[in-house]
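Summary of the model geometry
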Amino acid sequence: MTLLQPIITIPTLALLLILCGYIGVPLWLWSLFAATALWVFKVPIWGWVLFSILVLIFNIPQLRRVLVTSAIVKSIKALKLLPTISDTEEAAIKAGTLWIEGEFFSGKPNFKRINSESYPQLNPEIQAFLDGPVEQVCRMTTDWDIHCRKDLPPEVWDYLKQQRFFGMMIPKEYGGLGFSNLAYSAVMTKLASRSFTHTATVGVTNSLGPAKLLLHYGTQTQKDYYLPRLARGEEIPCFALTEPHAGSDAASITSNGVVFKGADDKLYLRLNWRKRFITLGTIATLLGLAFRLRDPDNLLGKGEDVGISCALIPTDIPGVVLGQRHDPMGVPFYNSPTEGHDVIVPIKQIIGGIEQAGQGWKMLMQCLAAGRGISFPATCTGIAKLVARVTGAHAVVRKQFGLSIGRFEGIEEPLARIGGLTYLMDAARLYTCGAVDQGEKPSVISAIAKYNFTELSRQIINDGMDILGGAGICRGQRNLLANIYMAAPIPITVEGANILTRTMIIFGQGVIRAHPYVYQEIEALNQSNLEAFDRAFWNHFGLIVRNFFRSILLSVSRGYLAASPVNGSTAKYYRKLAWASATFAFLTDMALISFGGTLKRREKLTGRFADILSWMYLGVATLRRFEAQGRKPEDLPFVNWAMQYAFAQIQQAIMGIFRNMFGLGLRELVTWWWRLNPIGVPPSDQLGSKIARSLQTLGSQRDKLTTGIYIPSDTSEALGRLEQAFLLSSQAEPIIKKIKLASSTGKLPKGRWEQLFEKAVEVGVISVEEAKLVREAESARNDAIQVDAFSLDEYQQGGKLSDRLTREPMVV
């Protein structure tokens, strides 16, 4: 060892420390490193004796458990450092499967695994359904017609039933279409671009409701009877969960059912309920009901308090009260209260029969684990694509100060957000669908998708309304955004209100579900399993040490110490995601240590952790799309914008955690460093301009971004009219430039091009054909920017469209 003395110096020792910490070496290697340090610092013999004792204690599990871990267990229990989990929370946490969200909590994501996950494409059968029945049902009515009727037209209801729209997710053997989640998502995306009422009506019959619960938990008799009727639309289903005093806290429902034996010696349920916000409730023929089941005489053999259960209730039996409806933001889909007073049904109406009595909460959580990530993300993506299509065209067609308004930077800024976020949302929609179709039920990812898609679509709609200005606020058949603007708060509130989803579900449940060791530790403590706790705890401790070193070194190197699974322009984003993950994982453990079991009540902090986790997922989905679609250079502006925006959100969330979790001295130090060395800043103006121009340019990029939505060819419809004006205006623009150039070079007199138009034809600056095209473009543009107007009588009668239109363009 004397010969090695000059080699192992203090700087070398420090380098070894950093290397061991960054890699995350096992305990025995840390022991070897410590021995080397003692030798370098020439520790006396008594120090070696003490060190040897500690090495034996910590490296021999039996000794460690008795002498160290048992004391740690007592301290954790006394200080309540780990969160307690109620039965309903446990059911929610255990619902579904763990997918790639665990990679982010590890602090060292496996990007090869992430990029190997499915990124699906539509098959010809589904594309034919989209081009056929979906196209047709969109063509049959307009959003304004639905708004005026306060309902879908009868022929649309009939067509939806005839074409099995209400049975898309029901297998073919039961008369349904047997669609995948990807296919269902594609249909919902297209329907959403036509009307929110379409998606609300079709969505509830295919997502969380009787059909899905029957498929997963129903008896064979229940499936054979109800599923064909649901698929054909002979039964209109609804599902009743929410109550006046049980909204986000759905497990606190008071609706109840009591088991009793009838005069015929058979078992029945006596049900009483009061529910609200039930989509399709007013017209439902089959009501799925969540209620608390009591069995005073233990007739089921499950005790008196059986628990939350789900049952199928025909709505035409005595005691069922329907007929009223809510008015959710004026959007005319059926949503209503319902009551039940001493409703009697056979015990066989429990979904899954007696065997599934008391399992209702687990059923609902398991269905939501996947369903949350499909329906609303598809709806919101369809809306985002529609807004992108509308605003891009409007920004070209609408002119002020002699220029298309899309030429102004003030318009470019929201256009860039619309385009960049739409690209990101479609990427995450498809990536999530791929996971669910592969059998995953990713509860945390589904919550991320539901929350972020609904929030981002609201932001996109707001940006769209700002761009349209007066044309956006005057309702009528020409207005393409007002109704979806009014509908935007609706998906925010359902399937877990967004405030709850962000602050309690994404991270609050995610940290327990997806962290490599926390749930193992909780279970081991609850089971008093010292051996299992010892194993999980010390692995957890090693993870904290590794992520401490990784977070610092990746921050100092700006991620360049991390490996990337790809080369080229996107490699830096994988490295930054590794940096973000290490920081997120380390801060997560610091929060667990600092706040223990009270962390879930620190909702401002958990919301920020949820933001980091969300944007890491949205980021990897964006990168996965880029890889899956062949790394096309024309897509890079969208990828770059989306990734830079994602990292800017991560930076903001991390700074918020630093400012509110650490003490004054440490807080000032880390916030200073992260301001000096941010993980992300907002996309540049130049990059935003590229996105905005893409939305305003005819061609494949605009079409690819908005693929899958309904675009009418009929120019008497609002979007068809706008598209025609956009096409002609784009074709006319080079001709108009000729006139302007001729004016600036002296071939034509000075003046506005409109005043020089006839002269330009006379002197040959433009041809007769070109002049005709410009006239057509100007006529189409003038028509496209008009807004609806109503007589007083028409307005008071609910807005029946007048043939008279406001001919003076409204100022944007």
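Reading the values: rules and limits
- Residues numbered from 1 in each chain as written.
- Predicted model: local features only at pLDDT ≥ 70, side-chain atom pairs only at ≥ 80, totals over all residues.
- Heavy atoms only, no water.
- 1 Å grid on protein atoms, 1.4 Å probe; cavity = no way out; pocket = protein on both sides within 12 Å on 5 of 7 lines; lining within 4 Å.
- Points joined across faces, edges and corners; volume = space filled by probe spheres on them.
- Helix = DSSP H or I, 4+ residues; strand = E, 2+ residues; numbered from the N terminus.
- Nonpolar A, V, L, I, M, F, W, Y, C, P; charged D, E, K, R; others polar.
- Axes fitted to C-alpha atoms, helices over the stretch in contact; angles between N-to-C directions.
- Parallel < 35°, antiparallel > 145°, perpendicular 65-115°, else oblique.
- Left-handed = near helix turned anticlockwise from the far one by under 90°.
- Contact = heavy atoms within 4.5 Å.
- Salt bridge = Lys/Arg side-chain N within 4 Å of Asp/Glu carboxyl O.
- Buried < 20%, exposed > 50% of the residue type's maximum accessible area, 1.4 Å probe, protein only.
- Pairing = 2+ DSSP bridges.
- Core = buried A, V, L, I, M, F, W, Y, C linked by side-chain atoms within 4.5 Å.

Describing the layout of surface pockets
In this structure, the second largest pocket occupies an estimated 660 Å³ of space. Considering the residues around the second largest pocket, the lining is formed by 24 residues, among which Pro26, Leu27, Trp30, Trp538 and Gly542 are closest to the centre. Counting only elements with at least two residues in the lining of the second largest pocket, the list comes to helix H2 (27–40), helix H3 (45–59) and helix H24 (530–556). Among the elements that take part in the lining of the second largest pocket, H24 stands out by supplying eight residues, more than any other. Per-class residue counts for the lining of the second largest pocket are 16 nonpolar, five polar and three charged.

Observations regarding the packing of helix H16 (residues 375–397) against helix H18 (residues 443–468)
Across the interface, H16 lies against H18 with an axial gap of 9 Å and an inter-helix angle of 20°. Classed by the angle they form, the pair H16 and H18 counts as roughly parallel. Crossing of H16 against H18: the hand is left-handed. On H18, the residues touching Phe376, Pro377, Cys380, Thr381, Ile383, Ala384, Val387, Val390, Thr391 and His394 of H16 are Ala449, Lys450, Phe453, Thr454, Ser457, Ile460, Ile461, Gly464, Ile467 and Leu468.

Considering the pattern of salt bridges
What the rule picks out here adds up to 34 salt bridges. Its salt-bridge partner being arginine 389, residue glutamate 723 comes within 2.9 Å of it at the nearest N-O pair. Of this pair, glutamate 723 sits in helix H31 (residues 718–745) while arginine 389 is found in helix H16, placing the two residues 334 residues apart along the sequence. There is no split in this pair, since glutamate 723 and arginine 389 are both buried. Arginine 478 is paired through a salt bridge with aspartate 783; the nearest N and O atoms lie 2.9 Å apart. Pair noted here: arginine 478 is in the loop between helix H19 (470–473) and helix H20 (482–487) and aspartate 783 is in helix H33 (residues 768–784), with a separation of 305 residues, a long-range link. Taken together, the salt bridges that share partners define one network made up of Arg229, Arg232, Glu234 and Glu235.

Remarks on the pairing of strand E7 (residues 335–346)
For a regular strand, side-chain orientation follows a simple rule: the groups alternate between the two sheet faces. Here strand E3 (residues 267–279) runs beside E7; their pairing, made up of nine bridges, is antiparallel. Counterpart to arginine 274 in the pairing with E7 is glutamate 339.

As for the pairing of strand E2 (residues 256–261)
Across six bridges, the pairing between E2 and E3 is antiparallel. Counterpart to glycine 257 in the pairing with E3 is leucine 271. Connecting E2 to the antiparallel partner E3 that follows it, the hairpin turn spans five residues, and aspartate 265 within it adopts a positive phi of roughly 70°. Taken together, the three bridges between E2 and strand E4 (residues 286–294) define a ladder with parallel strand orientation. Considered in E4, the bridge of asparagine 256 is made with arginine 292.

Points about the nonpolar core
Ranked by internal contacts, the top residues of the largest apolar core, which has 211 residues, are Ile313 and Tyr617. Ranked by the residues each element gives to this core, the list is headed by helix H27 (residues 636–661), at 16 residues. If we ignore the near neighbours within four places in the chain, the residues touching tyrosine 617 are Trp99, Ile100, Phe104, Ala428, Tyr431, Thr432, Ile445 and Ile448. Core analysis: the next-biggest nonpolar cluster, separate from the first, contains 33 residues, Ala95, Ala231, Leu241 and Leu312 among them.

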